[in-house]
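# Breakdown of the fold
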Amino acid sequence: LGAGAHAPFKFPTGEQLKSLVAASLGSYSGADEKKFAEARRALLNCGVSIDRFLANNKHFDDIIRPQIAKALLGFENNSVDGSMGDWIQYLWQLLPNDTTRGLNDRFVFITFNYDRLLESRLSQGCMGLWGMNLGQACGQLGCLNIYHVYGSFGEIVPGVEGHHQFGRVDDFAT
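Heads up: these notes are all about the structure in this document. (Residues numbered from 1 in each chain as written. Predicted model: local features only at pLDDT ≥ 70, side-chain atom pairs only at ≥ 80, totals over all residues. Heavy atoms only, no water.)

Broken down by element type, the chain carries seven helices and four strands. Seen in sequence order, the chain has helices and strands lined up from the N terminus as α-α-α-α-α-β-β-β-α-α-β. When each of the 174 residues of the chain is scored for burial, the buried share is 40%. Of the contacts formed within the chain by residues at least 6 apart in sequence, a portion of 69% connects residues at least 24 apart. (Helix = DSSP H or I, 4+ residues; strand = E, 2+ residues; numbered from the N terminus. Buried < 20%, exposed > 50% of the residue type's maximum accessible area, 1.4 Å probe, protein only. Contact = heavy atoms within 4.5 Å.)

Laid out in structure tokens, this is it:
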């Protein structure tokens, strides 16, 4: 899954995310203002995805990654109570096994997205279909093998190491 997969859910495409991050970098004023301006200029002129840019410019990680998180967590926050919709709705028809009250484990997801929209929508589906609480619903996702190539904002399962509440923006500074 790439950034375009989440566009139907009002998340930015890769290019839109790059523009949002650049705008955020451009509005920064503070001690590192010059470094932020340099990162912004390089990002806007790189001609590649934000992930490829960061792979080649590790010295900008500490500036750009928090901006990515702030932007995408804001989109997560706005989609907390959204419906399945679009391709996830289609996929959902193939995932639940009503006999076992579990998910079909024949699926593997490889995503280039940091956000957890897929995990959130599927856990909400388990909650709605089977009356599970969030912890139980998130527990169902383990069989799906969801791989975030560039990393994610953390686990959505409460009480699990690395947990970060879906859509919670306030943990990210800068």
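To continue, consider the nonpolar core. In terms of nonpolar packing, the biggest core is built from 43 residues, with Ile64, Ile68 and Leu144 touching the most fellow members. With seven residues, the top contributor of residues to this core is helix α4 (residues 61-78). If we skip the residues at most four places from it in the chain, Ile68 touches Leu17, Val21, Ile50, Leu54, Tyr114 and Phe153. (Core = buried A, V, L, I, M, F, W, Y, C linked by side-chain atoms within 4.5 Å.)

Locating Phe53 in the fold gives a position in helix α3 (residues 50-56). On the accessibility criterion, Phe53 (3% relative accessible area) is buried. Discounting chain neighbours no more than four positions away, the residues touching Phe53 are Ala39, Ala42, Leu43, Cys46, Val48, Phe60 and Ile64.

The next point concerns the state of the cysteines. Applying the stated criterion across every chain yields a total of zero disulfides. With no disulfide of its own, Cys138 lies 8.6 Å from the sulfur of Cys126, the closest cysteine sulfur. Here Cys143 is not cross-linked by a disulfide; its sulfur's nearest cysteine counterpart is in Cys126, at 8.5 Å. A relative accessible area of 26% means that Cys143 is categorised as partly exposed. (Disulfide = S-S within 2.5 Å.)

Throughout the structure, instances matching the rule amount to six aromatic pairs. Aromatic side chains Phe53 and Phe60 sit 6.0 Å apart centroid to centroid with 10° between the ring planes, which places their arrangement in the stacked category. Accessibility assignment for this pair places Phe53 and Phe60 in one class, buried. Ring centres 6.0 Å apart and planes at 50° place the aromatic pair Phe112 and Tyr150 in the tilted group. (Phe/Tyr/Trp six-rings, centres within 6.5 Å; stacked < 30°, edge-to-face > 60°.)

As a further point, take helix α1 (residues 14-26). Across its 13 residues, α1 extends 18 Å between first and last C-alpha, which sits within 8% of the 18 Å expected from 1.5 Å per residue. All of the buried residues along α1 are Leu17, Lys18, Val21, Ala22 and Leu25. Relative to the axis of α1, the buried residues are bounded by an arc of 135° and lie together on one face. Buried residues in α1 make contact with α2 (33-45), α3 and α4. (Expected span 1.5 Å × (residues − 1). Arc of directions from axis to C-beta.)

On to unusual backbone geometry, then. Of note in this structure, Lys10 is not a glycine but carries a positive phi near 70°. Turning to its location among the elements, Lys10 is positioned in the segment before α1. At Asn145, a residue that is not glycine, the phi angle is positive and equals roughly 55°. Position of Asn145 relative to the elements: it lies in the loop between α7 (134-140) and β4 (146-148).

Take a nonpolar patch on the surface next. A cluster of nonpolar side chains, namely Val108, Ile110, Phe112, Tyr147, Val149 and Tyr150, defines an oily patch on the protein surface of about 570 Å² accessible area. Within the secondary structure, Val149 is located in the segment after β4. (Patch = residues over 30% accessible without salt bridge, like charges linked within 9 Å, V, L, I, M, F, W, Y side chains within 5 Å. Areas by Shrake-Rupley, 256 points an atom, 1.4 Å probe, with all protein chains shown as cover. Salt bridge = Lys/Arg side-chain N within 4 Å of Asp/Glu carboxyl O.)

So, about the layout of surface pockets. Here the largest pocket defines a volume of roughly 270 Å³. Around the largest pocket, the lining is made up of 13 residues, and of these Glu119, Leu141, Gly142, Ile146 and Glu155 lie nearest the centre. Here the lining of the largest pocket is composed, by residue class, of five nonpolar, five polar and three charged. The volume enclosed by the second largest pocket comes to roughly 220 Å³. Considering the residues around the second largest pocket, the lining is formed by 17 residues, among which Ala3, Gly14, Leu17, Asp51 and Asn113 are closest to the centre. (1 Å grid on protein atoms, 1.4 Å probe; cavity = no way out; pocket = protein on both sides within 12 Å on 5 of 7 lines; lining within 4 Å. Points joined across faces, edges and corners; volume = space filled by probe spheres on them. Nonpolar A, V, L, I, M, F, W, Y, C, P; charged D, E, K, R; others polar.)

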